[in-house]
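Geometric and topological summary
Here is what each chain is made of, one letter per residue.
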Amino acid sequence: MQGITFPGDRRAVLKDFPDPEPGPGEVVVRMRASGMCGSDLHFYRGTASFGGGPDMIQGHEPCGKVHAVGAGVTPDMAAVGDRVMIHHYWACETCDHCRSGWPQMCDGGDVHTLCIDEPGGHAPYMVVPVRTLLPLPDGLSFKAGAAVGCGTGTAWGGLKRLGDLGGANLVVLGQGPVGLSGTMLASALGARVIGVDINDARLERAHGFGASDVVNSATADLTEVIQDLTGGRGADLVLETSGRANADALKILGKWGRACFIGLPGDVSFRTEDVFRNQWTLMTSWTLSSIEQGRCADFIASRELPVDDLFTRSWSLDQAAEAYAWFDRQTDGKGVFEW
């Protein structure tokens, strides 16, 4: 089979790999969709390194069907033909974090991550431990399941950290795929969402995903507009998804406000006195747990939310170079490889 690799310097290259075979406790998943995530670009551009080196198959938003099972995998764990999502981390499975669905927080220190140190989903097949599998609800497409695996799931994780959203004025900074996911989910969870970006086309899409109001922060005074929209109180909640508007988050956050920063990379700077006097709660969120990944998918399916509309381009593997050159411009929506 062939898989997409990132040698660095903005290159996406197809290389030949043997078809994977499942070992004990493992399954081979036949890919049906593998999403393109903004964090891919750090590796594509060569600004970040990964443990598997330049020959590592990329893609950490996989979704597909079980193709083969290894020894010890019983039908109640996985069966050939099952539609599955994948939680793209695994670790010791015995520490408290792993046992609660958070292997990326493992105390054992041996965390495995798709496309970082384990082959990812930008290939026809991939092998993973059976414990990473989650059922894909019947109402969701494979590409929707791929989005829930990271981009949309990351937005869900950040919103869950923020707590009760009902009736709150929530500002989502950045309306790329993760930000639009946050806008869509928060609106469905009962928040009044104000979408912020510097791209008018993205802001127009934000209306379609549930934003009550949108602001172009490149042409308007963001602080002034948010004050006007909130009756002078400022934002109750802020979800920062771009990694570039962290300072704006604190400028618009009202007293007793809560802000969650999920955009990477990004520095957050504040004076302790400002946090003290405003009684702010500031936090980050790292993707989501396997448990919340399942809950996110169920929530989207039950409310028939338009996750598929996040994707504006679909590609085949042999279009890898063209696909990532397009995605690198970050002027459109989300891309996906489909089979």
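Coordinates for the structure precede this section.
So, here is what we can say about the structure in this document. (Residues numbered from 1 in each chain as written. Predicted model: local features only at pLDDT ≥ 70, side-chain atom pairs only at ≥ 80, totals over all residues. Heavy atoms only, no water.)

Okay, the layout of surface pockets next. Sizing a probe to match a water molecule and rolling it over the atoms shows the empty space that remains. Taken as a whole, the second largest pocket holds about 180 Å³ of empty space. Counting residues per element, the lining of the second largest pocket draws most heavily on helix H4 (residues 151-162), which supplies three residues. Each residue belonging to the lining of the second largest pocket can be placed in one class, and the counts come to four nonpolar, five polar and three charged. (1 Å grid on protein atoms, 1.4 Å probe; cavity = no way out; pocket = protein on both sides within 12 Å on 5 of 7 lines; lining within 4 Å. Points joined across faces, edges and corners; volume = space filled by probe spheres on them. Helix = DSSP H or I, 4+ residues; strand = E, 2+ residues; numbered from the N terminus. Nonpolar A, V, L, I, M, F, W, Y, C, P; charged D, E, K, R; others polar.)

A few words now on the pattern of salt bridges. Across all of its chains, the model carries ten salt bridges by this definition. Here Arg192 and Asp213 are joined by a salt bridge, their closest N and O atoms 3.0 Å apart. Taken together, the positions of Arg192 in strand S11 (residues 192-197) and Asp213 in strand S12 (residues 213-216) put the pair 21 residues apart, joining distant regions of the chain. Put simply, Arg271, Glu273, Asp274 and Arg277 are held in one network by salt bridges that share partners. (Salt bridge = Lys/Arg side-chain N within 4 Å of Asp/Glu carboxyl O.)

Quick look at empty space enclosed by the protein now. Within the structure shown, the criterion is met by one cavity of 30 Å³ or more. Size it by volume and the largest cavity reaches roughly 30 Å³. Lining the largest cavity, in full, are Gln175, Gly176, Pro177, Leu180, Arg202, Arg205, Leu310, Asp332, Gly333 and Lys334. Listed by contribution, the elements that provide at least two residues to the lining of the largest cavity are helix H5 (177-188) and helix H6 (200-208). Grouping the amino acids of the lining of the largest cavity by side-chain chemistry returns three nonpolar, three polar and four charged.

The residue Leu229 is located in helix H7 (residues 222-229) in this model. Sequence-wise, Leu229 and Ile194 are 35 residues apart; in three dimensions their C-alpha atoms are separated by 8.8 Å. Residues contacting Leu229, with those up to four places away along its chain left out, are Arg192, Ile194, Asp213 and Val215. (Contact = heavy atoms within 4.5 Å.)

Moving on: helix H10 (residues 290-303). Three or four residues apart is the spacing at which side chains of an α-helix point the same way, because the helix has 3.6 residues per turn. The end-to-end C-alpha separation of H10 is 20 Å, in line with the 20 Å expected for 14 residues at 1.5 Å each. Regarding H10, the residues found buried are Ser290, Glu292, Gln293, Gly294, Cys296, Ala297, Phe299 and Ile300. At its buried positions, H10 is contacted by strand S5 (83-86), strand S9 (133-135), helix H3 (142-149), H4 and H5. (Expected span 1.5 Å × (residues − 1). Buried < 20%, exposed > 50% of the residue type's maximum accessible area, 1.4 Å probe, protein only.)

This paragraph deals with the nonpolar core. Grouped together as the largest cluster of nonpolar side chains are 43 residues, with contacts concentrated most on Leu159, Leu162, Leu170, Leu185, Leu239 and Ile300. Those elements that provide at least two residues to this core are H3, H4, strand S10 (169-173), H5, strand S13 (235-240) and H10. Here this core gets five residues from one element, more than from any other, and that element is H3. Not counting the four nearest positions on each side in its chain, Leu185 is found in contact with Thr152, Ala155, Trp156, Leu159, Phe299, Ile300 and Leu305. Among the nonpolar cores identified, the runner-up in size contains 18 residues, and Val215, Leu222, Ile226 and Trp280 belong to it. (Core = buried A, V, L, I, M, F, W, Y, C linked by side-chain atoms within 4.5 Å.)

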